[in-house]
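Chain by chain, the residues run as shown.
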Amino acid sequence: APQAFYAKTMNLDAPYVFWFALALEFFTRLQPEIRARHLVGFALAGTAAILTKDQAGGLFVLPALLILSWIYRAARARGAGALVAVRQTAFDPRLAGAALAMLLLVALVYRFWNGFGELEAHLREMSSWRSVGRYQDSPNTLAGHLQVAGESWRSLAFCMGWAGLAVGVAGAGRELWRSRFSTSRAIPLLAFPLSYYLVFISSIRFSFDRFFLPVAFVLALFAGGWLAQILERSLRGAPWRWRAC
């Protein structure tokens, strides 16, 4: 319901979730091999999401570090030493191409050829007390962060419904359990909501339901994947078992 509601208002939450969803599509293609076109696509879609609404930046911090770790591990698997692998990762042409694509998109949106005034004004506005401080209702203490966590769960449940949230969490838990026995391409998706909470929600210390649209989107993928496999087994007439699905 919040997704449909905010798609019909002037809030930018639904539009940036579109770009986020596109970034997820490219992200899932980065395994088992990172190809330049997929990395550039991921960078452009992620940058478009952040340019649409700044808070989207919180989604991409941990996934970006995860991508760096994949490139590093691939270098190590080829026999490179630790320092050599670090250097190869830092100067990887695929990363350079993705970074250049990001810079060009930001330059196009903010028209850097006219100077950096628009970008500076935007950053100044977004970091001001008027933008963030007036909404904070929890202190920067353990109790305050626990309060934010509780409000976040309620906001997420409002986005998905308690039943939907339960199935999404169960689907993610099931995938985590399965990853103990085989490599899962779905588990890295959990880096996005974790990054979003740690970088954005826990820093601003307040939450609205619309803030959790991208988190609900990721959990919906796990919920849908699990329910689809249950349905498939049911249609085949096979008995359902937790580990067999």
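Residues numbered from 1 in each chain as written. Predicted model: local features only at pLDDT ≥ 70, side-chain atom pairs only at ≥ 80, totals over all residues. Heavy atoms only, no water.

J.: Just give me the short version of a nonpolar patch on the surface, but keep the residues and values in it.
T.: There is a patch of nonpolar side chains on the surface, built from Val61, Leu65, Leu68, Leu194, Leu198 and Val199 and spanning about 490 Å² of accessible area. Only α4 (61-77) and α10 (191-204) provide two or more residues apiece to the nonpolar patch. Mapping Val61 onto the fold places it in helix α4. (Patch = residues over 30% accessible without salt bridge, like charges linked within 9 Å, V, L, I, M, F, W, Y side chains within 5 Å. Areas by Shrake-Rupley, 256 points an atom, 1.4 Å probe, with all protein chains shown as cover. Salt bridge = Lys/Arg side-chain N within 4 Å of Asp/Glu carboxyl O. Helix = DSSP H or I, 4+ residues; strand = E, 2+ residues; numbered from the N terminus.)

J.: Help me get a handle on the nonpolar core, residues and values and all.
T.: The biggest cluster of nonpolar side chains holds 44 residues, and the ones touching the most others in it are Phe27, Leu59, Phe60, Ile67, Phe192, Tyr196 and Phe211. Sorting the residues of this core by element identifies α2 (13-28), α3 (36-52), α4, α6 (93-110), α8 (142-160), α9 (162-178), α10 and α11 (213-236) as the ones contributing at least two each. Apart from residues lying up to four places away in sequence, Tyr196 is in contact with Tyr16, Gln55, Gly58, Leu59, Ile201, Phe211, Pro214 and Val215. (Core = buried A, V, L, I, M, F, W, Y, C linked by side-chain atoms within 4.5 Å. Buried < 20%, exposed > 50% of the residue type's maximum accessible area, 1.4 Å probe, protein only. Contact = heavy atoms within 4.5 Å.)

J.: Describe the packing of α2 against α11, with residues and values.
T.: One can describe the packing of α2 onto α11 by two numbers: an axis separation of 9 Å at closest approach and a directional angle of 40°. Regarding the angle of α2 to α11, the classification is oblique. The crossing of α2 and α11 is right-handed. Within the contact between the two elements, α2 uses Asp13, Ala14, Tyr16, Val17, Phe20, Ala21 and Leu24 and α11 uses Leu213, Pro214, Phe217, Val218 and Leu221. A class-by-class count of the residues in the contact of α2 with α11 yields 11 nonpolar, no polar and 1 charged. (Axes fitted to C-alpha atoms, helices over the stretch in contact; angles between N-to-C directions. Parallel < 35°, antiparallel > 145°, perpendicular 65-115°, else oblique. Left-handed = near helix turned anticlockwise from the far one by under 90°. Nonpolar A, V, L, I, M, F, W, Y, C, P; charged D, E, K, R; others polar.)

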